[in-house]
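What follows is the residue order along each chain.
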Amino acid sequence: MSTTRVRGDPRLSDRRTVLKLGGLAALASGIPPLARAAAQIGAGSVPGERADYTIRIGTGLVELAPDRILSTTTYNGQFPGPLLRFKEGQRAIVDIHNETDTPEQLHWHGQAVPVDVDGAAEEGTPYVPAHGMRRIAFTPAPAGFRFYHTHLRAGSDLHQGQYNGQVGPVYIEPKREPGAYDREVFLVLKEFEPFLSRGGDMEMGFLAPATRVKALAEAGEAAMQASLTKGMPHGYEVGYGLFSINGRMLGHGEPIRVKAGERVLFHVLNGSATEIRSLALPGHTFRVVALDGNPVPTAAEVPVLWIGAAERISAIVEMKHPGVWVLGDLADDDRRRGMGVAVEYAGRKGKPQWAKPRPSRWDYTWFATPGGSVVAPDEVIEMTFAKRNAADHGFNEWTINGVPFSMAKMEPTFLLRQGRRYRLHMRNASDDIHPMHLHRHSFELTRIAGKPTAGVIKDVAMLGGYQEMEVDFTADNPGRTLFHCHMQLHMDYGFMALFDYA
Ligand SMILES: [Cu+2]
C-alpha cells in the first residue's frame, strides 16, 4: 500500500475544517442531530484543536479483483484502513466518526494507552456511538509497527468484529530506525467472505520447539473424546472464500516494483480475524529486524515468515534474485485464492513465479538475546486454557482456569500491583495454536515450550497446541487490562480475562 498520509486528504477537509473552527458549536452545524447528541470529547483533548487524523467507520467497497468487489465495514471507505503515522512521544488527536448503526470500539493494538483510549468495552472504554463520534488524544507509544482494529464481539455474526474490513496499520516513528534499508513497504494480510464449517485446517507443525506436555494432551484428548462419545459434533470453525494482501487478490493490483540490490523493509501485519499466515518469496530470505514493532536482539535470517493473527513482523529482504516472483502464503489453496502479491524486478516481465520453499519452522527464540537471562518475577500467574467442544450453540467454548469470560459480568479475575513484574505461565490444554494478546502492555518472552529465552518483546505470541509458554511484563499502566486469544472465534466464546490494578 502507499504510505501517503491521510493528513490533508481532501475527502476529509470539510469535516476537519468544521472541527478546526472551534468546538461543539461548529460540530453541531456540521453533522446530523443524532450524531450531535452522541458526540463525545474524551481523553483530555481540548475542543477546537485540530485532529491529526479523522477516521470514519462506515460501509465501503473493497475491490479484491475486478469481479470480486465486496461491501464491508471499513475505515475511511478503504481497505486496509489508512496508514496512520505518529511520532514517538508526540501527542496526537484522532477523531473517530461512526457512520454505522452499531456502537463501535477502535482498539489501538500494541500501544500503552489509557483505558479511555484503548478501545475495549471490557476495560471500560466508551463506545464510539452509532452515528456519533469520539475525539481521543494520546501519546503514541511504544515506537514501531502497531495497528488499529475494531474490538467488537462478533459471535456468530460474521459481518461484525474483525471479520469485516476494520483493520489498518499504524507506524510510530522511532527516534532511531532498526536496520539499514532503502525503502519500506507495508503489507496487510486479510481474508474475506468468512463462513462456518465443522472442522478446520489450521497449520500446526511449524512451531519450534515442538515439545508438548503429556498431561495437557491427555486432558485435551479426553475432553474431546468425551464430547464426541456423547454424540456432539465438532464445534464450528471459520473458513474464508477470498484472500488478499493490501486488499488485492494475487494477480490483481500493482506488483511491488523493486531494483536489484535494493533492501526492502517489509512491515507485515496479519490482519486476519482467525488465521495463521505464512509468507515466502522464492529465492530470497527475510532478515527479521522487529517483532510486533519491537526491534529484536538478534536479526535472524529466515526463509519463511510465520505470523499469527494480529502479529506483526518487520523484515528486510535484499533483492538479489531478479525475476517476477510471488510473495505468497505456503498454503496452495489460500495463495491461489489470493493470498500473495507479485514482486517485480525492474526490466523483468512475465507471470509471477512461485516455488515452494524448503520446509522450515518458526522459533521465537531465534530472535532472542544470545545467552540472555531474565530477572525473576515478583509473582507468577498460572493459567490453563481449555476447549469445551461445541458447548455454546455448536461453537466451541473456551475457558481460562475453568471459567469462560462473561460478557454480562465483565469482572476482573487477576489483580495487579503497580510496579510489580508478573509472569504469565500459560498452559494450553487444546490442540489449537492460540495467538495470546495482552492490552496496553508489552511482554517479554521468557520460556517457549520449555526453552528459556530473553529479550524478545511482543504483544501477541503464538502458544502451540498442548504446549506451555511464559511471558513477563511489568504492571506499569494502571487500569483494567484485557488479556485474550486474538482469534475472534475464540475470544468471542470465552477466551478472555480481565486484569485490574489493586
Ligand atoms: Cu485461540
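In this text, all values refer to a predicted model and were calculated from it rather than measured experimentally.

Colleague: For this particular structure, what's the right way to read the coordination of the copper ion?
Modeller: Ideal coordination angles are 109.5 degrees for a metal with four donors arranged tetrahedrally and 90 or 180 degrees for a metal with six donors arranged octahedrally. On the protein side, the copper ion has His-434 (ND1), Cys-485 (SG) and His-490 (ND1) as donor atoms, found 2.0 to 2.1 Å from it. The sequence motif formed by the donor residues of the copper ion is H-x50-C-x4-H. Of the two residues, Cys-485 and His-490, both sit in the buried class.

Colleague: Is there a simple way to explain the sheet that holds strand S24 (residues 414-416) in this structure?
Modeller: In any sheet, the strands associate via hydrogen bonds between backbone groups, in a parallel or an antiparallel arrangement. Sheet architecture is open: 5 strands sit in the order S24-S33-S32-S26-S30, paired in mixed fashion. In this open sheet, the two strands that pair with only one neighbour each are S24 and strand S30 (460-463). Across the sheet, the mean angle separating the axes of adjacent strands is 25° when strand polarity is ignored. Relative to strand S32 (residues 481-485), strand S26 (residues 434-438) runs antiparallel, the two being bridged by 3 bridges. Residue His-437 lies in a different strand from S32, and its bridge partner there is His-484.

Colleague: Quick question: what am I supposed to make of the packing of aromatic side chains here?
Modeller: Aromatic ring pairs are defined here through the distance separating the ring centres and the angle between the ring planes. Applying the stated rule across the entire model yields 22 aromatic pairs. Their ring planes at 65° and their centres at 4.8 Å tell us that Tyr-236 and Phe-395 sit as a pair that is edge-to-face. Remark: Phe-395 occurs in strand S23 (residues 395-400) and Tyr-236 occurs in strand S11 (residues 236-245); sequence separation between them is 159 residues. Phe-395 sits in the buried class, given a relative accessible area of 5%.

Colleague: Just to check I follow, could you spell out the side chain of Thr-74 for this structure?
Modeller: Looking at where Thr-74 falls in the secondary structure, it is placed in strand S3 (residues 68-75). The exposure class assigned to Thr-74 is buried, which follows from its relative accessible area of 0%. Ignoring sequence-local partners within four residues, the contact set of Thr-74 consists of Arg-56, Ile-57, Gly-58, Thr-59, Gly-60, Val-62 and Gly-165.

Colleague: What is the right way to read the pairing of strand S22 (residues 379-392) from this model?
Modeller: Side-chain positions along a regular strand alternate between the two faces of the sheet. In this sheet, strand S25 (residues 421-428) lies alongside S22 in parallel orientation, the contact comprising 7 bridges. By the bridge assignment for S25, Met-383 is matched with Met-426. Note: S22 against S23, 5 bridges, orientation antiparallel. Counterpart to Phe-385 in the pairing with S23 is Ile-400. Hairpin connection of S22 to S23: 2 residues between the antiparallel strands, including His-393 at a positive phi of 50°.

Colleague: I would appreciate a short explanation of the nonpolar core in the present structure.
Modeller: Generally speaking, a soluble globular protein has its nonpolar side chains buried in company with each other. Counting 81 residues, the largest nonpolar core has Trp-362 and Phe-483 as its most contacted members. Looking at this core element by element, the count peaks at 4 residues for S11. Leaving out residues up to four positions away in the same chain, Phe-483 has contacts with Met-383, Phe-385, Ile-400, Leu-424, Met-426, Met-436, His-437, Leu-438, Phe-495, Met-496, Ala-497 and Phe-499. Judged by nonpolar contacts, the second largest core, of 20 residues, contains Tyr-53, Ile-57, Tyr-75 and Ile-96.

Colleague: Please explain the confidence of the model for the chain as it appears in this structure.
Modeller: Regions with low pLDDT carry predicted coordinates that are not meant to be interpreted in detail. Scored by pLDDT, the chain has a mean of 91; 90% of the residues are at 70 or more. Taken together, the stretch residues 1-38 has pLDDT below 50 and engages in 58 contacts with residues farther than four places along the chain or on a different chain.

Colleague: How should I be thinking about the pattern of salt bridges in this particular structure?
Modeller: For side chains of opposite charge, pairing can occur when their charged atoms come near one another. Under the counting rule described, the total for this entry stands at 35 salt bridges. Put simply, Asp-432 and Lys-387 hold a salt bridge, and the shortest N to O gap is 3.9 Å. In this pair, Asp-432 is assigned in the loop between S25 and S26 and Lys-387 in strand S22, connecting sequence segments 45 residues apart. Comparing Asp-432 with Lys-387, the two get one shared label, buried.

The rules behind these values
- Residue positions are counted from 1 within each chain, in the order its sequence is given.
- Per-residue local features are limited, in this predicted model, to residues with pLDDT of at least 70; the limit for side-chain atom pairs, both in listing and counting, is 80 or more; totals at the level of whole chains, interfaces and linings are taken over all residues.
- Only hydrogens and water are removed before side-chain values are computed, so all heavy atoms of the structure are retained for them.
- Note on donors: an N, O or S atom is included if it sits within 2.8 Å of the metal, or within 3.2 Å for Na, K and Ca, and water is never included, so sites can look incomplete.
- Any residue under 20% of the maximum accessible area for its type is buried, any over 50% is exposed, and the rest in between are partly exposed; the area is computed with a 1.4 Å probe on protein chains only.
- Any two strands with at least two DSSP bridges between them are considered paired.
- Every helix listed is a DSSP run of H or I at least four residues long, and every strand listed is a run of E at least two residues long, numbered separately from the N terminus.
- Axis definition: a line fitted to C-alpha atoms, limited for helices to the stretch in contact. Angles are taken between N-to-C directions and run from 0 to 180 degrees.
- In summary, the pairing rule links any two rings of Phe, Tyr or Trp, Trp by its six-membered ring, whose centres are within 6.5 Å, and it sorts them by plane angle into stacked for under 30 degrees, edge-to-face for over 60 and tilted for everything else.
- Only heavy atoms enter the contact rule, under which two residues are in contact if any of them lie within 4.5 Å.
- Here, nonpolar core means buried Ala, Val, Leu, Ile, Met, Phe, Trp, Tyr and Cys residues that are tied together by side-chain atoms lying within 4.5 Å of each other.
- The score called pLDDT rates the predictor's confidence residue by residue, from a low of 0 to a high of 100.
- For salt bridges, the criterion is a side-chain nitrogen of Lys or Arg within 4 Å of an Asp or Glu carboxyl oxygen.

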